[in-house]
Number of protein chains: 2
Amino acid sequence: MNTAERLARLRERLREQELDAIVITHPSNRFWLSGFTGEDIPPNESAGHLVISHSATIVVTSRLNSVLAQQEAIGFEVFDRERDFARGDALVLQEMGVRRVGFEDRAILYRDVQVLRETLGPAVELIAVGTLVDDLRARKTPDELERIRQAQAVTDAAFQAVLAELRPGLSERAVALRLEQALVEFGADGIAFPIAVASGPHGALPHYRPTQRRLSTGEPIVIDMGAIVAGYCADLTRTVWIGQPDQQLERIFSIVLAALEAAEAGIRPGMTGREADALARQVIAEAGYGDAFTHSLGHGVGVRVHEAPALSPASDQILEPGHVVTIEPGIYVPGWGGVRIEDLAVVRESGIEVLTRTPKRIDLAGS
Amino acid sequence: MNTAERLARLRERLREQELDAIVITHPSNRFWLSGFTGEDIPPNESAGHLVISHSATIVVTSRLNSVLAQQEAIGFEVFDRERDFARGDALVLQEMGVRRVGFEDRAILYRDVQVLRETLGPAVELIAVGTLVDDLRARKTPDELERIRQAQAVTDAAFQAVLAELRPGLSERAVALRLEQALVEFGADGIAFPIAVASGPHGALPHYRPTQRRLSTGEPIVIDMGAIVAGYCADLTRTVWIGQPDQQLERIFSIVLAALEAAEAGIRPGMTGREADALARQVIAEAGYGDAFTHSLGHGVGVRVHEAPALSPASDQILEPGHVVTIEPGIYVPGWGGVRIEDLAVVRESGIEVLTRTPKRIDLAGS
């Protein structure tokens, strides 16, 4: 991973905001800037923080994680002499003699900022930087794009391999486990998020966790999954059925598919996330299901499966070439189920390039 | 889940601290108080907050999660009319007309407290309550203990089933996946944390994630795993080997086992976490491996796999009957590997009751 270039981009931003240093607490930003893969146990057991000034790069971590940090965070010093990382950050910052320090207010615990304040005293100014680093991650380099492409290829391959095994009577959970196994067999380092297999009425809850419910013929089965390859995520949703779909499923599926196609045909760099979202939302609203599309159209994907930019009715973010986003309209009918179709795409100069290779409509034989 | 009793205990504490209401942001506390299982995407995509006053119980969540919240959080109103949960909390609190509001400073983002402050204005006082709710969870009821016992029984059964399948040449990742599958087969609802299978030198990194490395004979293989059953976690570590262990493995294993036995024989209610930790640490230090026991002896287990009380050199927490804790000494030698043995136990009036049924020493046939 070319962290030198990333650090240079970060330091440019620090200079613009007249910051002497920054404390990084967002786990994905930590990985993106350092390569350190230590795992947090949310909400309050962090694997480590980074402290980055114009001349120094330090991982503040526990003894437990210091060997891993030394191996992975090339070019970083490892500071593991304090159990409380916020206090460790403060000690490191004091030694640097810095005055203006940025912190990630949307990814740091309230008490950690209190500890920084109390330890550093009034001579050091703490500045909330919001999503400064998250935003740096949005536009992907060719190297990052290649990893995402690989992660999506693994996801497509694993999904299609398991499709052939779907039978009425299999439990949602058995299917989810089989999908996870297939992801690993096809080369995933892990899963980007817990795999969702939501059959029949369960599909009305967009992120339902798989249960012991068994698949039946004719009902919608929503499957949402993604591999991680070399630190980068993929994201795929398809809604499938075994045997004959009923009329409602046919109708809703065709509306969602039309919404997806409208978005894929219409998205351009320079649009806001709101405008992109509206392309699909309008199709669904015109078909009379506006209230049933209960989430946003999509989100950025990279080292984190949800990142900038947001394609949502509330998003002012401007789409740029190099952004990688999901496009995933859905319709959810309580008591009946749901249909969601999700592609992963990269924004190009003149539109989007869809990375997903799995067919949108899949009719599985009923016996 | 008897949330009525839990809410009564929480309100008693609110009264003691003269709080009119509390905002709950810790996901485990949210589940424990409401039964809502919505899942967060850390660090900043929460599935919802709770606002609890002396007369009202409210889930503040997104439209995406509101159906699930309505089904699961019995007796709670669901407020899903604001995308920003901190702003939603503030609107709900304003309507309540409260003056003094507690918040979980160790489980809330800095910017969420800023939003609460800005929206509520100076008339409402915000009080950091630290781990007030986490501490309420530490002492388990008989019903909770039964669930933990079940989760541990499932974990023991799955571990022993897969042991019989271990062979040189299997990858760490294949073993981890098989263990996860076995947990589900034996009745787990899910895993309490990502399963660790660390073979040979990988065992020196206490929480290493399984890789494509293949098992060999004679080397230590550290396996750390736990089921979730009905919302409650188990936790089990064993270090096993295939064929003949070398002399270093024999020696280190016997030291760790002696440390475990000393702790299990010596732990009593009324001790501090520090005193409990010292029982094992002393055995390891006297054998010359003090620096190689790089983590604390144990931690509480419940709806979260790491919770109060901490058994560590820094812990002043007093052990009480009804606490459920891990006891897990370990020795880690960089380049060689590690040995950790972990039992789960409940603190009783006169000592501890070990819940783990898996044998401590397991010699697997080499061919």
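Criteria and thresholds
Residues numbered from 1 in each chain as written. Chains lettered and ligands numbered in written order. Predicted model: local features only at pLDDT ≥ 70, side-chain atom pairs only at ≥ 80, totals over all residues. Heavy atoms only, no water. Helix = DSSP H or I, 4+ residues; strand = E, 2+ residues; numbered from the N terminus. Rg over C-alpha atoms; globule rule 2.2 N^0.38 Å. Buried < 20%, exposed > 50% of the residue type's maximum accessible area, 1.4 Å probe, protein only. Contact = heavy atoms within 4.5 Å. Areas by Shrake-Rupley, 256 points an atom, 1.4 Å probe, with all protein chains shown as cover. Domains from an automatic or database assignment. Buried area = accessible area lost by both parts, 1.4 Å probe. Salt bridge = Lys/Arg side-chain N within 4 Å of Asp/Glu carboxyl O. Polar contact = N/O pair within 3.5 Å; in protein donor to acceptor, adjacent residues only side chain to side chain. Nonpolar A, V, L, I, M, F, W, Y, C, P; charged D, E, K, R; others polar. Least-squares fit on C-alpha atoms with pLDDT ≥ 70 in both. Phe/Tyr/Trp six-rings, centres within 6.5 Å; stacked < 30°, edge-to-face > 60°. Core = buried A, V, L, I, M, F, W, Y, C linked by side-chain atoms within 4.5 Å. Axes fitted to C-alpha atoms, helices over the stretch in contact; angles between N-to-C directions. Parallel < 35°, antiparallel > 145°, perpendicular 65-115°, else oblique. Pairing = 2+ DSSP bridges.

## Structural notes on the overall build of chain A
- Helix and strand counts for chain A come out as 10 helices and 20 strands.
- Relative to a compact globule of 367 residues, whose C-alpha radius of gyration would be 21 Å, chain A shows 22 Å and is just as compact.
- Taken along its principal axes, the extent of the C-alpha atoms in chain A is 70 × 40 × 35 Å.
- Across the 367 residues that make up chain A, the buried fraction comes to 60%.
- Across chain A, the fraction of contacts at a sequence separation of at least 24, relative to all contacts at a separation of at least 6, is 70%.
- Accessible area for chain A stands at about 13,700 Å²; split by element, carbon and sulfur atoms hold 49% of it.

## Examining the domain arrangement of chain A
Residues and elements named next belong to chain A.
- Domain boundaries in chain A define domain 1 (3-137) and domain 2 (139-364).
- Taking the mean C-alpha position of each, domain 1 and domain 2 sit 34 Å from one another.
- Contacts between domain 1 and domain 2 engage 10 residues on the former and 11 residues on the latter.
- Taken over both partners, the interface formed by domain 1 and domain 2 buries close to 780 Å², and the fraction arising from carbon and sulfur atoms is 43%.
- For domain 1, the biggest contributors to the area lost against domain 2 are Arg6, Phe31 and Arg137; these three give 54% of the whole.
- Applying the counting criterion to the domain 1 and domain 2 interface returns 2 salt bridges.
- Close ionic contact of Glu307 with Arg137 constitutes a salt bridge, the shortest N to O distance being 2.6 Å.
- At the junction of domain 1 and domain 2, the tally comes to 6 residue pairs in polar contact (both at pLDDT 80 or more).
- Of all the secondary structure elements, the ones that give two or more residues to the side of domain 1 that touches domain 2 are α1 (3-16), α2 (27-34) and α6 (132-138).
- Its residues assigned to classes, the side of domain 1 that touches domain 2 shows 3 nonpolar, 2 polar and 5 charged.

## Quick word on unusual backbone geometry
Residue and element names in this part refer to chain A.
- A cis amide bond, omega 5 degrees, links Pro42 with the succeeding residue Pro43.
- With respect to the element layout, Pro43 can be found in the loop between α2 and β2 (49-53).
- Although it is not a glycine, Glu18 adopts a positive phi angle of roughly 50 degrees.
- With respect to the helices and strands, Glu18 occurs in the loop between α1 and β1 (21-24).
- Even without a glycine there, the phi angle at Ala230 is positive, about 50 degrees.

## Focus: the pattern of salt bridges
All names here are of chain A.
- Applying the stated criterion across every chain yields a total of 52 salt bridges over all chains.
- Here Glu125 makes a salt bridge to Arg100, at a shortest N to O gap of 3.5 Å. Residue Glu125 is found in strand β6 (residues 125-128), and its partner Arg100 is found in strand β5 (residues 100-103); the two are separated by 25 residues along the sequence.
- On the basis of relative accessible area, Glu125 is assigned to the partly exposed category, the value being 42%.
- The salt bridge involving Asp316 is made with Arg274; its shortest N-O contact spans 2.7 Å. Taken as a pair, Asp316 in the loop between β14 (307-311) and β15 (324-327) and Arg274 in helix α10 (residues 273-286) lie far apart in primary sequence, 42 residues in all.
- The exposure class assigned to Asp316 is exposed, which follows from its relative accessible area of 54%.
- Taken together, the shared-partner salt bridges connect Glu146, Arg149, Arg348 and Glu353 into one network.

## A word on the interface of chain B and chain A
- Counting residues at the interface gives 44 residues for chain B and 44 residues for chain A.
- Summed over both partners, the interface of chain B with chain A buries about 4,200 Å², with 57% contributed by carbon and sulfur atoms.
- Between the two partners, chain B and chain A, sit 4 salt bridges.
- The salt bridge involving A:Arg209 is made with B:Glu39; its shortest N-O contact spans 2.4 Å.
- Summed over the shared surface of chain B and chain A, the number is 20 residue pairs in polar contact (both at pLDDT 80 or more).

## A few points about the relation of the copies chain B and chain A
- Under the fitted operation, chain B is carried onto chain A by 0.0 Å of movement along the axis and a turn of 180 degrees, and the coordinates agree to an RMSD of 0.0 Å. With respect to symmetry, the two chain copies, as superposed, fit the operation of a two-fold axis.
- Here 100% of the interface residues in chain B have copies in chain A that are interface residues too; the copies meet face to matching face.

## Focus: the packing of aromatic side chains
- A full pass over the atoms with the stated rule returns 5 aromatic pairs over all chains.
- Taking 5.0 Å as the distance between ring centres and 85 degrees as the angle between the ring planes, the aromatic pair formed by A:Phe103 and B:Tyr110 counts as edge-to-face. Of the two residues, A:Phe103 is situated in strand β5 and B:Tyr110 in helix α5 (residues 110-120); the pairing between them involves two chains.
- On the basis of relative accessibility, which here comes to 6%, the residue B:Tyr110 falls in the buried class.

## A word on the nonpolar core
- Core analysis: the largest hydrophobic core is formed by 42 residues, its most contacted members being A:Leu93 and B:Leu93.
- Ignoring any residue separated from it by four or fewer positions in sequence, one finds A:Leu93 in contact with A:Ala21, A:Val23, A:Val51, A:Val98, A:Val101, A:Leu116 and A:Leu120.

## Some points on the packing of helix α8 (residues 172-185) of chain A against helix α8 (residues 172-185) of chain B
- In the contact formed by α8(A) and α8(B), the axes pass within 11 Å of each other and the chain directions differ by 180 degrees. For the element pair α8(A) / α8(B), the angle class is roughly antiparallel. Residue-level contacts link A:Arg173, A:Leu177, A:Glu180, A:Gln181 and A:Val184 of α8(A) to B:Arg173, B:Leu177, B:Glu180, B:Gln181 and B:Val184 of α8(B).
- Across the contact of α8(A) with α8(B), the residue classes break down as 4 nonpolar, 2 polar and 4 charged.

## Some remarks on the sheet that holds strand β9 (residues 221-225) of chain A
Residue and element names in this part refer to chain A.
- Strand order in the open sheet formed by 4 strands is β8-β9-β12-β20, and the pairing between neighbours is mixed. In this open sheet, the two edge strands, each paired with only one partner strand, are β8 (196-199) and β20 (363-364).
- Against the sheet, α8 makes contact with β8 and β9, and its axis sits at roughly 150 degrees relative to β8, the strand it touches most.

## A word on the sheet that holds strand β10 (residues 227-229) of chain B
Residue and element names in this part refer to chain B.
- An order of β7-β10-β11 is seen for the 3 strands of this open sheet, with the pairing classed as antiparallel. Here the strands that pair on one side only, and so sit at the sheet edges, are β7 (190-191) and β11 (232-233).
- When β10 meets β11, the two strands line up antiparallel, connected through 2 bridges. By the bridge assignment for β11, Ile228 is matched with Cys233.

## What about the side chain of B:Asn65?
- Here B:Asn65 lies in helix α3 (residues 63-72).
- Apart from the residues lying within four places of it in its own chain, the contact partners of B:Asn65 are B:Phe36, B:Gly38 and B:Ala47.

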